[in-house]
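The chain contents come next:
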Amino acid sequence: MSQVADLAAPRSGDQADGAPAPAGRDLRLTGLRKEYPNGFVAVRSLDLHVPQGSFFALLGPSGCGKTTTLRMVAGLETASSGSISLGDEEITRAKPYRRPVNTVFQSYALFPHLTIAENVAFGLRRRGIKKVSGPVKDMLELTELTAQASKRPAQLSGGQQQRVALARALINRPEVLLLDEPLGALDLKLRRAMQLELKRIQTEVGLTFVHVTHDQEEAMTMADTIAVMNHGVIEQMGGPAELYDNPRTTFVANFLGQSNLIGGQVLGVDGDVVRVDAQGTVVSIPADRAHTDRTPGTAGWVGIRPEKVLVAPQGEPIDAPGNHLTGGVVVDSSFIGVSMQYVVRMPWGQEMLVFEQNTGRRGVIAPGTAVDVSWRPEHAFLLDAGQDVHAGTEEE
C-alpha cells in the first residue's frame, strides 16, 4: 500500500473508541450559528459543503466569523444552532476527541523538550499505539523532515516547525484537517514557499483541508474553493479565478484584490450584453457578469480590475476596443518591479488604479500627463449600487 493510500485509509484501532472512521465523507455545515451570551452573533446561519479530498479556504477579515466556524467544526466552540456532519454522521455535539478532525494552529504548540520524531509520534503514543516508528518515518518523509528527526523544535526554522505541527496532525489520519492561520507567523518569502508545500502535501495525502486565513494570496494559491466571509455570512463562494474575475458584491470585489468601481446607470440589454452609462460614456458588460437589476435607469457599479485597464497618453491608440474613457490625468506613478502602478484622476473626480506590466515596451507616463484609459468589455462586471462602494477596503 502506498504512503498516500495508507494515510487516507484509517486502520482498525486508530480511533479513540477503537473503531475505524469511515473514509471519504464530505463535510457539511447546515444552518450553523454562533451567538454569545452578550448577544454578539459571530456566525449567522452558515451553509457549507466541503467535498472530501478538497482544499477549502475560509477567507475574510478579522472578526468575520471564520475562526469561530473552524472551532465549531473542531468541537472547541459549541454551536448555538444548526448542524455539522461528516457524511451521514452528525458530529455537532460530539466531544473534540471523538471527532475525526485535527487542527494546526498558528502557534504550532510543539513540545520543546521532545525531539521532532517524538513530537510527531505524540498523538499515536497517547492513543496507546506502540508501533510508531514506521508511521513516523513516513510522515517525516512526506513533510521533508527526515534529517531533522533527532533535533529539538528550537533548532528548527519557522517553516520547519510549521511542517512538524502539520506532520503531528496528519499522523493521526484525520478525515478533516483544520488549519487556523498556520502561516501567519512566517515572513513573506517563507510564507509563499510554505503555501506551495501545503498544497503539495494536501495533494499527496488526499485528505480534506479546511484553511482559515485573512490573506487573499494565500487562499488563492492553495484552495480549490474559497468561501469569502463577512460579518458572519458567506458573501460568495467559488474557485479562485471565478471569485476574482466575476465578483458578485462590492465586498468581494474590494477584499479579493483591488477594483475600480465606477457609478453608472443601466441603459438596457442588448442580447447577451448590458449597456451602462458610466459617467457619460456608454460601456458594455456581459450579461452573465451583471449582478444587479437590468431595468433601464437602475444605478450600478461598473467594476474593472486595475490590471485589466490599459492607459496611454491622450490621443494615442489603445489595444482594448469597447470601453474607452477620455480626459484622465496621471496624478501618481509607482514602480513595483513587475509593474507600473498609476493613479489616474478622471474628469468626474474619481481616481482610477491602473497596473501596467513592466515589459519595457515604453517609458513611464509622468504625473501630470493627460491620458485615456480603456478595457475590453469581457473583463468588466456590474454590481448593485445599493452596496457600499467601500466595503472590503481599508477605508471601511
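Residues numbered from 1 in each chain as written. Predicted model: local features only at pLDDT ≥ 70, side-chain atom pairs only at ≥ 80, totals over all residues. Heavy atoms only, no water.

Trainee: Would you mind showing me how to read the UniProt feature "domain: ABC transporter" (unreviewed entry) in the protein chain here?
Mentor: According to UniProt, the feature "domain: ABC transporter" (unreviewed entry) maps to residues 27-256 in the numbering used here. The distance separating the terminal C-alpha atoms of residues 27-256 is 25 Å; by composition the span is 35% helix and 26% strand. (UniProt positions renumbered as here; feature names shortened; annotations may be inferred. Helix = DSSP H or I, 4+ residues; strand = E, 2+ residues; numbered from the N terminus.)

Trainee: Would you take a moment to explain the packing of helix H5 (residues 158-170) against helix H6 (residues 188-205) for this structure?
Mentor: Think of two packed helices as two axes; the pair is described by the angle between the axes and how far apart they sit. At a closest axis distance of 10 Å, the pairing of H5 and H6 adopts a crossing angle of 25°. Considering the angle they form, H5 stands roughly parallel to H6. In this structure, H5 meets H6 at a crossing whose hand is right-handed. Every residue of H6 that contacts H5 at Gly-158, Gly-159, Gln-162, Arg-163, Leu-166 and Leu-170 is listed here: Leu-190, Met-194, Glu-197, Leu-198 and Ile-201. Along the lines of polarity and charge, the residues of the contact of H5 with H6 split into six nonpolar, three polar and two charged. (Axes fitted to C-alpha atoms, helices over the stretch in contact; angles between N-to-C directions. Parallel < 35°, antiparallel > 145°, perpendicular 65-115°, else oblique. Left-handed = near helix turned anticlockwise from the far one by under 90°. Contact = heavy atoms within 4.5 Å. Nonpolar A, V, L, I, M, F, W, Y, C, P; charged D, E, K, R; others polar.)

Trainee: Explain the sheet that holds strand S6 (residues 101-105) here, please?
Mentor: Two orientations exist for strands paired in a sheet by backbone hydrogen bonds: parallel and antiparallel. The strand order across the open sheet built from six strands is S6-S7-S8-S3-S9-S10, with neighbouring strands paired in mixed fashion. Bordering the open sheet on either side are S6 and strand S10 (233-238), each of which pairs with just one other strand. Neighbour-to-neighbour, the strand axes of this sheet turn through a mean angle of 20°, independent of strand direction. Bridge count for strand S3 (residues 55-59) against strand S8 (residues 208-213) is five bridges, and the pairing is parallel. (Pairing = 2+ DSSP bridges.)

Trainee: Looking at this model, I keep getting lost on the pattern of salt bridges. Mind explaining?
Mentor: Side chains bearing opposite charge may pair, as long as their charged atoms lie close to each other. The tally for this structure, following the rule as stated, stands at 16 salt bridges. Its salt-bridge partner being Arg-200, residue Glu-144 comes within 3.8 Å of it at the nearest N-O pair. Residue Glu-144 is located in the loop between helix H4 (133-142) and H5, and its partner Arg-200 is located in helix H6; the two are separated by 56 residues in the primary sequence. What makes Arg-200 partly exposed here is its relative accessible area of 22%. (Salt bridge = Lys/Arg side-chain N within 4 Å of Asp/Glu carboxyl O. Buried < 20%, exposed > 50% of the residue type's maximum accessible area, 1.4 Å probe, protein only.)

Trainee: Is there a simple way to think about the nonpolar core in this case?
Mentor: Soluble globular proteins: nonpolar side chains tend toward being buried together. Counting residues in hydrophobic clusters, the biggest one holds 46 residues, and the most contacted among them are Val-120, Leu-166, Leu-170, Leu-177, Phe-209 and Ile-226. Considering each element in turn, this core owes the most residues, six residues, to H5. The residues that make up this core include at least three from each of domain 1 (27-245) and domain 2 (250-384). Excluding residues that lie within four positions of it along the chain, Leu-166 makes contacts with Val-104, Leu-177, Leu-179, Leu-198 and Ile-201. The next biggest cluster of nonpolar side chains, apart from the first, holds 27 residues, and it includes Val-283, Met-340, Val-354 and Val-373. (Core = buried A, V, L, I, M, F, W, Y, C linked by side-chain atoms within 4.5 Å. Domains from an automatic or database assignment.)

Trainee: Mind showing me how you'd approach the packing of helix H3 (residues 116-126) against H4 here?
Mentor: At a minimum axis separation of 10 Å, H3 and H4 run at an interaxial angle of 120°. Viewed along their axes, H3 and H4 adopt a mutual orientation that is oblique. Two packed elements cross with a definite hand, and for H3 against H4 that hand is right-handed. Where H3 abuts H4, its residues Ile-116, Ala-117, Val-120, Ala-121 and Leu-124 lie against Pro-135, Val-136, Met-139 and Leu-140. Tallied by class, residues from the contact of H3 with H4 come to nine nonpolar, no polar and no charged.

Trainee: Explanation requested: the domain arrangement of the protein chain in the structure shown.
Mentor: When the parts of a complex come together, some accessible area is lost, and that lost area is often used as the size of the interface. Per the domain assignment, the segments of the protein chain are domain 1 (27-245) and domain 2 (250-384). The straight-line distance from the C-alpha centre of domain 1 to that of domain 2 is 38 Å. Across the contact, 14 residues belong to domain 1 and ten residues belong to domain 2. Of the roughly 1100 Å² buried at the junction of domain 1 and domain 2 (both faces included), carbon and sulfur atoms supply 65%. (Buried area = accessible area lost by both parts, 1.4 Å probe.)

Trainee: Would you take a moment to explain the side chain of Asn-246 for this structure?
Mentor: One can find Asn-246 in the loop between helix H8 (240-245) and helix H9 (250-255). Residue Asn-246 is classed as buried on the basis of its relative accessible area of 15%. In contact with Asn-246, not counting residues within four places along its chain, are Gln-236, Ala-241, Asp-288, Arg-289, His-291 and Phe-381.

Trainee: It is not clear to me how the sheet that holds strand S16 (residues 310-313) should be interpreted in this structure. Could you clarify?
Mentor: Taken in spatial order, the five strands of this open sheet run S16-S20-S17-S18-S19, and their pairing is antiparallel. The strands lining the two open edges of the sheet, one partner per strand, are S16 and strand S19 (351-357). The average angle at which neighbouring strand axes cross in this sheet is 45°, direction not considered.

Trainee: Where do I start with the pairing of strand S21 (residues 381-384) in this structure?
Mentor: Successive residues of a regular strand alternate their side chains across the two faces of the sheet. Relative to S21, strand S14 (residues 290-291) is paired through two bridges, and the arrangement is parallel. Across the sheet, the residue bridging to His-291 is Leu-383, located in S21. Sheet topology places strand S15 (residues 299-304) next to S21; four bridges connect them, and they run antiparallel. Bridge pairing in S21 places Gly-303 opposite Phe-381.

Trainee: Could you clarify how one ought to interpret the environment of Gln-350 in this entry?
Mentor: Its place among the elements puts Gln-350 in the loop between strand S18 (339-345) and S19. Overall, the relative accessible area of 22% leaves Gln-350 in the partly exposed class. Taking the C-alpha atoms as reference points, Gln-350 and Gly-271, separated by 79 residues in sequence, lie 30 Å from one another. Ignoring anything within four residues of it in the chain, the contact list for Gln-350 reads Leu-261, Ile-262, Val-344 and Arg-345. Among the polar contacts listed, one links the side chain of Gln-350 to the backbone oxygen of Leu-261, at a separation of 2.8 Å. (Polar contact = N/O pair within 3.5 Å; in protein donor to acceptor, adjacent residues only side chain to side chain.)

Trainee: Hey, could you run me through the pairing of strand S4 (residues 81-86) in this one?
Mentor: Bridge count for strand S1 (residues 27-35) against S4 is five bridges, and the pairing is antiparallel. Bridging from a neighbouring strand, Arg-28 pairs with Ser-85 of S4. Note: S4 against strand S5 (residues 89-90), two bridges, orientation antiparallel. Each bridged residue has a counterpart across the sheet, and for Leu-86 the counterpart in S5 is Glu-89. Here S4 folds back onto S5, and the loop between the two strands holds two residues, one of which, Gly-87, carries a positive phi near 60°.

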